[in-house]
Amino acid sequence: MQFIFSEDQLALQETVRDFLAGECPPERIRALWESESGRSAELWGKLAELGIPGLLVPEDRGGMGQSEIDAVLIHEEIGRAGLAEPLVSTAAVAAPLLAELGDAERAGPWLERIAGGEAIVAVGNEASPIVADAHVARLLLLSHGDEVHAVDPADVESVAQPATDPAQKLFRIGWKPRESTCIAAGKRGRALQAAALDRGALACAAQLLGVGDQLLAMASSYAVARKQFGKPIGSFQAVKHQLATVKVQIEYARPMVHRAAWSVAEAIPGRSVHVSMAKLAAAEAAAQAARTALQVHGAIGYTWEQDLHIWMRRAWSLGNAWGTISFHRDRVTDAVLAPDARLGPGTTF
Amino acid sequence: MDLRYTPEQEAFRREARAWLERNVPKQPLHSFDTKQGFEEHREWEKKLHAGGFAMVPWPVEYGGRGADLLEWLVFEEEYYRAEAPGRVNQNGIFLLGPTLMEYGTPAQKARYLPKMASSDEVWAQGWSEPNAGSDMAAIQATAIREGDHYRIRGQKTWASRGAFAHWMFGLFRTDPESKRHQGLSFILVPLDLPGVLVRPIRKLNGKAAFAEVFFDGARVPAENLLGPEGDGWGVAMSTAGFERGLMLRSPARFQSTAEKLVALYRENAERCDASLRRRVVECWIAAEAYTLETYRTVSRLLAGGRIGAEASLNKIFWSELDLRMHEAALEILGWRGELLPEAELATGVGAWLDGYYFALAGPIYAGTNEIQRNVIAERLLGLPR
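Residues numbered from 1 in each chain as written. Chains lettered and ligands numbered in written order. Predicted model: local features only at pLDDT ≥ 70, side-chain atom pairs only at ≥ 80, totals over all residues.

Draft legend 1. Local environment of the overall build of chain A. Assigned secondary structure in chain A consists of eleven helices and nine strands. Each principal axis of the C-alpha distribution contributes one length, and for chain A these read about 70 × 55 × 40 Å. Looking at chain A alone, contacts between residues at least 24 apart form 72% of all its contacts between residues at least 6 apart. (Helix = DSSP H or I, 4+ residues; strand = E, 2+ residues; numbered from the N terminus. Contact = placed C-beta atoms within 7 Å.)

Laid out in structure tokens, this is it:
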């Protein structure tokens, strides 16, 4: 029993943090909002040089061969940076899904392409009809009943669905399932879909922790700098206590996210419930952080030019992606109230 | 990261489980806030001590078994799973014990720890005074050195089980000219000395185990000073702080309450609305979160890490969770919720009302949650005082 990360894992997290702080400042995020695709091939290439899209791709297929335990810290950094590039779908979901398929099942050259930064993969899931980043994807992984299909984006109709976060590129996909695109069906299809949902929700949960951390950091430094009544507003308990409450909420969501990463990486039987607890807690913590950070900033936080809303919108958007709060709460509720549920002291691990 | 118990930890769990199954009293003891219950609980502590389970993380020479904090968490899980009695000497074994380990002289450790582990001596704590609550540095009680003794004057209050306890540990001003955090000393005081008057106070549950203690020139031997004279504040706030919090309120306690809450909901589900179901599930999740965070923190400590102001996060989380769980339970009980167990119609009310009284104290004792939020804001978020 050892609930800590290794030196290597923490070192990689720090590397990614420094990299994103340099490459992805708020000005860059705002510039991407104004660009046509909202995505940067140049930035994606640099992320690939660091190995991030191929984090979960096996080493013999050109990837980093890491596990969800390594990846969870990287996704925290992606959230902290406010980076909306399609790393949840490509790195966290598509890569391990394709790695589980044999080549005969058309994993084909996609793993190498993901690791090399040449392919973005968009993935649909059963929790919503929305597919993110279909416009830049070279491969779509879509569900139809118990089937999983690998679909060429050229063969589908994509209808953009503008959303609150200018960085979030969402689409409704019009497509017809064909026998030739089906890569898994029946029990296997269902298992792949369930694994995809767990992995997508886990990565979002980790990003939400980073988003919450960043919102809290911004609000705290603003509360130190901003003076009213002749002193920093952060010296008032009404402000302190709100921020402290958010800190408590984030720090108790964090171990749930880290445990969920372990459970997915080790294929623990309760992993879906662990992921749902993590996603629920992280989404609520980030939403509370957004709400509180705005209140602490006051009117300036309500403006478009203040950077706060970059992360507020990430909190809202990631909160909905890969299962809403309500969706995940229902999954936990079903598990806790099941007649054979194992609850109580000594049942956590 | 490896979230599996080792074979040794599993073996220890089985050993503790087997012993507790054989030895935990079949009938619940009387409340340790009554004299009868207090003595029943001391008897239980003696049995626990004889079985070698009184203080598993303590060194063997002081009545423990030299376990690490992970094994302590495992033991606590089994203890609450077995519904074993509350720890009547918790102020001693959980709060003073770790401080004695860190600051006590070899003679002090040998003198106090074994009798603490066996509950031959039960301890009360003496922090609060009538004018020093959240502002603990406003302590006025004095301990003035006279040769090989301290002469103690002043008043301490809100001492849990102080009405029955044998000893009190607390902070006293050894330098009468000193201000605030300076000049305080950590002193161990027998409560049967001449010049010590213990006056019971009835608390919200109606029982008079709470006490205020008046010192009118009581003479305490100088060797009862723990740590350096004048640095009592430092001793009280020492790095053992997290360990004390962990021991006093280990996660198993809240997991056990959450499990009972889910069971209560299931028995009464047809009378509960969807919002109540949601609250119950959220409480269960929070108890899991507290458990996970505790394992994470203990892992960091065992790997050589240190815990400081983070302890304030814990205090807020468990105390507010405990309240939410009891509020939900009383709401599920509906009109039965206000009935005392002896009421004719009080079927299935369990101990929820009593638990609720106790949970109401959680955000107040061990530093109010307002003080904890100040600590988080100032020391973890960097906000100005």
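Draft legend 2. The arrangement of the overall build of chain B in detail. Secondary structure assignment for chain B yields twelve helices and eight strands. Taken against the 2.2 N^0.38 rule, which gives 21 Å for 385 residues, the C-alpha radius of gyration of chain B at 21 Å falls within 12% of a compact globule. Judged by the C-alpha coordinates and their principal axes, chain B covers about 70 × 50 × 50 Å. The burial tally for chain B puts 48% of its 385 residues in the buried class. Contacts in chain B between residues far apart in sequence, at least 24 positions, make up 71% of those at least 6 positions apart. (Rg over C-alpha atoms; globule rule 2.2 N^0.38 Å. Buried ≥ 20, exposed ≤ 12 C-beta atoms within 10 Å, placed from the backbone.)

Draft legend 3. Here's a closer look at the nonpolar core. Residues and elements named next belong to chain A. One finds Ala205, Val257, Ala282 and Ala315 to be the most contacted residues of the largest nonpolar core, which totals 226 residues. With 18 residues, the top contributor of residues to this core is helix H7 (residues 186-225). The contact partners of Ala205, leaving out residues within four places of it in the chain, are Val257, Ala260, Ala278, Lys279 and Ala282. (Core = buried A, V, L, I, M, F, W, Y, C linked by C-beta atoms within 7 Å.)

Draft legend 4. Spatial organisation of the sheet that holds strand S4 (residues 147-151) of chain A. Residue and element names in this part refer to chain A. In spatial order, the strands read S1-S3-S4-S7; together these four strands make up an open sheet with mixed pairing. Strands with a single pairing partner mark the edges of an open sheet, and in this sheet they are strand S1 (121-123) and strand S7 (182-184). Adjacent strand axes in the sheet meet at a mean angle of 30 degrees, parallel and antiparallel pairs treated alike. Pairing geometry for strand S3 (residues 139-144) and S4, over five bridges, is antiparallel. Paired with Leu141 across the bridge in S4 is Ala150. Sheet strands touched by helix H5 (residues 87-100): S1 and S3. Its angle to S1, the strand with the most contacts, is close to 85 degrees. (Pairing = 2+ DSSP bridges. Axes fitted to C-alpha atoms, helices over the stretch in contact; angles between N-to-C directions.)

Draft legend 5. Spatial organisation of helix H12 (residues 369-380) of chain B. For H12 of chain B, with twelve residues, the first-to-last C-alpha span of 15 Å sits near the 16 Å given by 1.5 Å per residue. All of the buried residues along H12 of chain B are Asn369, Gln372, Arg373, Asn374, Val375, Ile376, Ala377 and Leu380 of chain B. Those residues of H12 of chain B that are buried are in contact with helix H8 (237-265) of chain A together with helix H10 (311-333) of chain B. (Expected span 1.5 Å × (residues − 1).)

Draft legend 6. Just the interface of chain B and chain A, in detail. Listed as interface residues are 46 residues of chain B and, on the opposing side, 38 residues of chain A. Broken down by element, the side of chain B that touches chain A gets its largest block of residues, 14 residues, from helix H9 (residues 274-302) of chain B.

Draft legend 7. Representation of the domain arrangement of chain B within the structure. Residues and elements named next belong to chain B. Each assigned domain of chain B is listed here: domain 1 (7-88), domain 2 (123-235) and domain 3 (249-380). Using C-alpha coordinates to define each centre, domain 1 is positioned 29 Å away from domain 2. Facing the seven residues of domain 1 at the interface are five residues of domain 2. When its residues are assigned to classes, the side of domain 1 that touches domain 2 shows three nonpolar, two polar and two charged. (Domains from an automatic or database assignment. Nonpolar A, V, L, I, M, F, W, Y, C, P; charged D, E, K, R; others polar.)

Draft legend 8. How the structure looks around the packing of helix H3 (residues 69-81) of chain B against H9 of chain B. Residues and elements named next belong to chain B. At a minimum axis separation of 9 Å, H3 and H9 run at an interaxial angle of 155 degrees. It follows from the interaxial angle that H3 and H9 lie roughly antiparallel. On H9, the residues that touch Leu69, Leu70 and Leu73 of H3 are Thr294, Tyr295, Val298, Leu301 and Leu302. When the residues that make up the contact of H3 with H9 are grouped by side-chain class, the tally is seven nonpolar, one polar and no charged. (Parallel < 35°, antiparallel > 145°, perpendicular 65-115°, else oblique.)

Draft legend 9. View of H9 of chain B. The terminal C-alpha atoms of H9 of chain B lie 42 Å apart, and with 29 residues this matches the ideal 42 Å at 1.5 Å per residue to within 8%. Among the 29 residues of H9 of chain B, 21 are classified as buried, and the element is accordingly described as predominantly covered.

Draft legend 10. The arrangement of the pairing of strand S2 (residues 142-146) of chain B in detail. All names here are of chain B. Judged from the five bridges that link them, S2 and strand S3 (residues 149-159) form a sheet pairing that is antiparallel. By the bridge assignment for S3, Thr142 is matched with Arg153. In this antiparallel pair of consecutive strands, S2 and S3, the connection spans two residues, and Gly147 shows a positive phi of 65 degrees.

Draft legend 11. Region of interest: the sheet that holds strand S6 (residues 170-174) of chain A. Residue and element names in this part refer to chain A. Here three strands make up an open sheet; going across it, the order is S2-S6-S5 and the pairing antiparallel. With one partner strand each, in any of the chains shown, strand S2 (130-132) and strand S5 (157-160) form the two edges of the open sheet. On average, each strand axis in the sheet is inclined to that of its neighbour by 45 degrees, with strand direction left out of account. Of the pairings in the sheet, the one linking S2 to S6 comprises three bridges and is antiparallel in character. When the sheet's bridge partners are listed, Ala132 is paired in S6 with Leu170.

Draft legend 12. Seen up close, the environment of Thr142 of chain B. Residues and elements named next belong to chain B. Topologically, Thr142 is positioned in strand S2. Thr142 sits in the partly exposed class, given 19 other C-beta atoms within 10 Å. Sequence separation between Thr142 and Gly217 is 75 residues; the distance between their C-alpha atoms is 9.5 Å. Setting aside residues up to four positions removed in sequence, Thr142 forms contacts with Arg153, Gly154, Phe172, Arg173 and Pro176.

Draft legend 13. A look at the packing of helix H4 (residues 68-81) of chain A against H7 of chain A. Residue and element names in this part refer to chain A. Between H4 and H7, the shortest axis-to-axis distance is 6 Å and the interhelical angle comes to 40 degrees. Judged by the inter-axis angle, H4 sits oblique to H7. Where H4 crosses over H7, the handedness of that crossing is right-handed. Counted together, Glu68, Val72, His75, Glu76, Glu77, Ile78, Gly79 and Arg80 of H4 and Leu202, Ala203, Ala206, Gln207, Leu208, Leu209, Gly210, Val211, Asp213 and Gln214 of H7 form the full contact between these two elements. Taken together, the residues of the contact of H4 with H7 break down into eight nonpolar, five polar and five charged. (Left-handed = near helix turned anticlockwise from the far one by under 90°.)

Draft legend 14. Molecular detail of the confidence of the model for chain B. Summarising the model, chain B shows a mean pLDDT of 95, and 98% of its residues fall at 70 or more. Taken over the whole predicted complex, pTM reads 0.97, whereas the ipTM for its chain interfaces reads 0.96. (pLDDT = per-residue confidence, 0-100.)

Draft legend 15. Expanded view of the pairing of S6 of chain A. Sheet topology places S5 of chain A next to S6 of chain A; four bridges connect them, and they run antiparallel. Within S6 of chain A, the residue paired with Ser158 of chain A across the bridge is Ile173 of chain A.

Draft legend 16. The environment of Pro130 of chain B, seen in detail. By the secondary structure assignment, Pro130 of chain B is in the loop between strand S1 (123-126) and S2. Apart from residues no more than four positions distant in its own chain, Pro130 of chain B is found in contact with Gln155 and Thr157 of chain B.

Draft legend 17. Geometry of unusual backbone geometry. Residue and element names in this part refer to chain B. One non-glycine residue, Ser119, adopts positive backbone phi at about 60 degrees. Take Ser119: there are 23 C-beta atoms within 10 Å of it, and that puts it in the buried class. The backbone phi angle of Arg180 is positive, close to 50 degrees, even though this residue is not glycine. One can find Arg180 in the loop between strand S4 (167-173) and strand S5 (184-190). Given 12 C-beta atoms within 10 Å, Arg180 falls into the exposed group.

Draft legend 18. Structural context of the environment of Val122 of chain B. All names here are of chain B. By secondary structure assignment, the location of Val122 is in the loop between helix H5 (106-117) and S1. Note on Val122: 25 C-beta atoms within 10 Å, which makes it buried. Spatially, the C-alpha atom of Val122 lies 11 Å from that of Glu39, the residues being 83 residues apart in sequence. If we skip the residues at most four places from it in the chain, Val122 touches Arg42, Val88, Asn89, Gly92, Arg161, Phe164, Ala165 and His166.

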